[in-house]
Structure formats: C-alpha cells, structure tokens
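Breakdown of the fold
Chain by chain, the residues:
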Amino acid sequence: MNTTPRRTLLPAGLRTPGRWAVLPAAVLAGAVLGGGYGALKTPQYAATSYVIVVPAEKSDPAAALGFAQAYGRVATDIAVTGDAQVWAGVTADTLRKSVQAATSPDAPMISITAKSEKPAKAVSMADGVARALVLNSTHVAGSTGVKVVQFSRATKPVAPVSPSAPLSALVGGCAGGLLGGLALLVRPKRATTRGEARHSRQAAATSGATSSAAVPAPAAAAHQPEAV
C-alpha cells in the first residue's frame, strides 16, 4: 500500500510571490517621476482673445461663417506675415508654436489662445494675432465682402494651465501601475510551464517508485522432478 503523501503543486503565482512586487514598485516610480516633472517644469499660462467675422453691406450673411473657418486655419500665418510678432515681441517660430486658433461651427467667431511662461507675454501674443487678423481683413474686405472685428481682448491669467506637481504625481502613479500590470500580464510563461512540467515529472517518478516497491516480485517456481 502506498503511504507516501502526494505533494500538492501550488499555482505559479503563489510559488513566486516576489513577482507581484513589480506592481507597487512601478506605481511608486511613476509617482516620483511624475511629481518631479511637475515640480521642475516651468508653469505655462494661457490667454485667449476673441474676434468675430461680420459681413459687409449687401453681402451674404452666410459667407461670414465660411470665412471665419478660413481665417481660423491661417491665423498664425497671417500673424507672422503681419506685425503680430513685433507687437508681441517674440519670434515667428515662437508665435507658430505658442498660438492656436479655434473656430465654432455655429457662429463666425474665432478664439485665439496663446501660451507662455509669462502671463503678460501670453496676453500680448493673443491680442497681437487678433489685431493682425483685423488689419488683414480690412485690406481684403473689398474682395471678400467680410471683415474681422475685435470681440473680446485677452485678460491676464492668474493661474497656470500646466498640471501641478501633485496632479503630475497622480498621473505618473496611474501610468506606472498600468505599465506594471501590463508587464505582469505579458510576461513570458515559458519558465513557469517548464517548472510545472518538471514538478509533474518528479511527482510521477516518486509515485511510480513507491508503487514498484510496494508490489512484491513474483516468486520463482519450484523445480519439480519428472516422474519416470
């Protein structure tokens, strides 16, 4: 009778609990990197100026919406070719990178948003681009039938729009946890499968050896003399 207790094979995750330390380590690393980035990065301020496209006399009012879309697409180009960079005191490359124009599908209005490390500089860039649009539309109003007018000047921002250090740390921790979880999920299982197969072979060999020892070998037949 086989009295040797069978060895229970534990799941791979329980046999190697250290692998799960990757997840909290990834969260901590992401939080530290994100917080450091938020603390060291220079805050950015944003200012927005608004202009509106209006039709001239005896012009189709529906044309204003189409021209507003067109002016929104070329706002930075018009500003660079005009005097916006002079009014804002920045280079043309800075103006292209720091200013964005957005249009509305329902109204002929254009919002011009500028970002800078200094609040006053953001205001001057936004208002400079808006002023360039107004002057350009005045020069071509005879052929387009519309003109751009200032709707609202930019106001000086009081708070940065860039994420703070705590928010950056939170985002970094979430990203680190996500990457750590993905690393655990996509980790190759070849080594785990190989280990489980080895344990299975060892258990089978132990069980077979015990069974062989428990069953006695057949006795040799006794020699019987033949009758004469």
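The structure we're discussing is the one just above.
Rules behind the numbers
- Residues numbered from 1 in each chain as written.
- Predicted model: local features only at pLDDT ≥ 70, side-chain atom pairs only at ≥ 80, totals over all residues.
- Heavy atoms only, no water.
- Helix = DSSP H or I, 4+ residues; strand = E, 2+ residues; numbered from the N terminus.
- Contact = heavy atoms within 4.5 Å.
- Areas by Shrake-Rupley, 256 points an atom, 1.4 Å probe, with all protein chains shown as cover.
- Phe/Tyr/Trp six-rings, centres within 6.5 Å; stacked < 30°, edge-to-face > 60°.
- Lys NZ or Arg CZ within 6 Å of the ring centre and 35° of its normal.
- Buried < 20%, exposed > 50% of the residue type's maximum accessible area, 1.4 Å probe, protein only.
- Polar contact = N/O pair within 3.5 Å; in protein donor to acceptor, adjacent residues only side chain to side chain.
- Arc of directions from axis to C-beta.
- Patch = residues over 30% accessible without salt bridge, like charges linked within 9 Å, V, L, I, M, F, W, Y side chains within 5 Å.
- Salt bridge = Lys/Arg side-chain N within 4 Å of Asp/Glu carboxyl O.

A word on the overall build of the protein chain
The helix and strand tally for the protein chain stands at 10 helices and four strands. Ordered by position from the N terminus, the helices and strands of the protein chain form the series α-α-β-α-α-α-α-β-β-α-α-β-α-α. A separation of at least 24 residues holds for 78% of the contacts in the protein chain among residues at least 6 apart in sequence. Surface accessibility of the protein chain: about 15000 Å² in total, with carbon and sulfur atoms responsible for 63%.

Some words on the packing of aromatic side chains
Following the criterion strictly, the structure yields zero aromatic pairs and no others. Its end group placed over the ring of W87, R131 keeps NZ or CZ at 4.0 Å from the ring centre.

A closer look at the side chain of S49
Within the secondary structure, S49 is located in strand β1 (residues 45–55). Here S49 falls in the buried class, since its relative accessible area comes to 0%. A distance of 2.9 Å separates polar atoms of two side chains, one belonging to S49 and the other to Q150. When residues no more than four places from it in sequence are discounted, the contact partners of S49 are I110, S111, I112, A126, D127, A130, Q150, S152, R153 and A154.

Comments concerning helix α3 (residues 62–73)
For α3, every residue scored as buried is listed here: A64, A68, Y71 and G72. Taken down its axis, α3 places every buried residue within 100° of arc, on the same side. In α3, the exposed positions that point more than 90 degrees away from the buried face belong to A62 and R73. If you follow the buried residues of α3, they end up packed against β1, α4 (75–81), β2 (99–103), β3 (109–116), α7 (119–139) and β4 (146–152).

Overview of the side chain of S137
By the element assignment, S137 lies in helix α7. According to the relative accessible area criterion, S137 is buried, its value standing at 0%. Of the polar contacts made by the side chain of S137, one reaches the backbone nitrogen of V148; its length is 2.8 Å. When residues no more than four places from it in sequence are discounted, the contact partners of S137 are Y71, V146, K147 and V148.

Details of a nonpolar patch on the surface
On the surface, L178, L179, L182, L185 and V186 cluster together into a nonpolar patch covering about 550 Å² of accessible area. Tracing the sequence through the fold places L185 in helix α9 (residues 165–185).

Let's talk about the pattern of salt bridges
Under the counting rule described, the total for this entry stands at two salt bridges. In this structure, D93 and K97 form a salt bridge, with 3.2 Å as the shortest nitrogen-oxygen distance. With D93 and K97 both in helix α6 (residues 92–98), this residue pair falls four residues apart, about one helical turn. Note on D93: relative accessible area 43%, which makes it partly exposed. Notably, a salt bridge pairs R153 with D127, separated by 3.4 Å at the nearest N-O pair. On the criterion of sequence distance, the pair formed by R153 in the loop between β4 and α9 and D127 in helix α7 is long-range, its members being 26 residues apart. Judged by relative accessible area, which is 11%, D127 ranks as buried.

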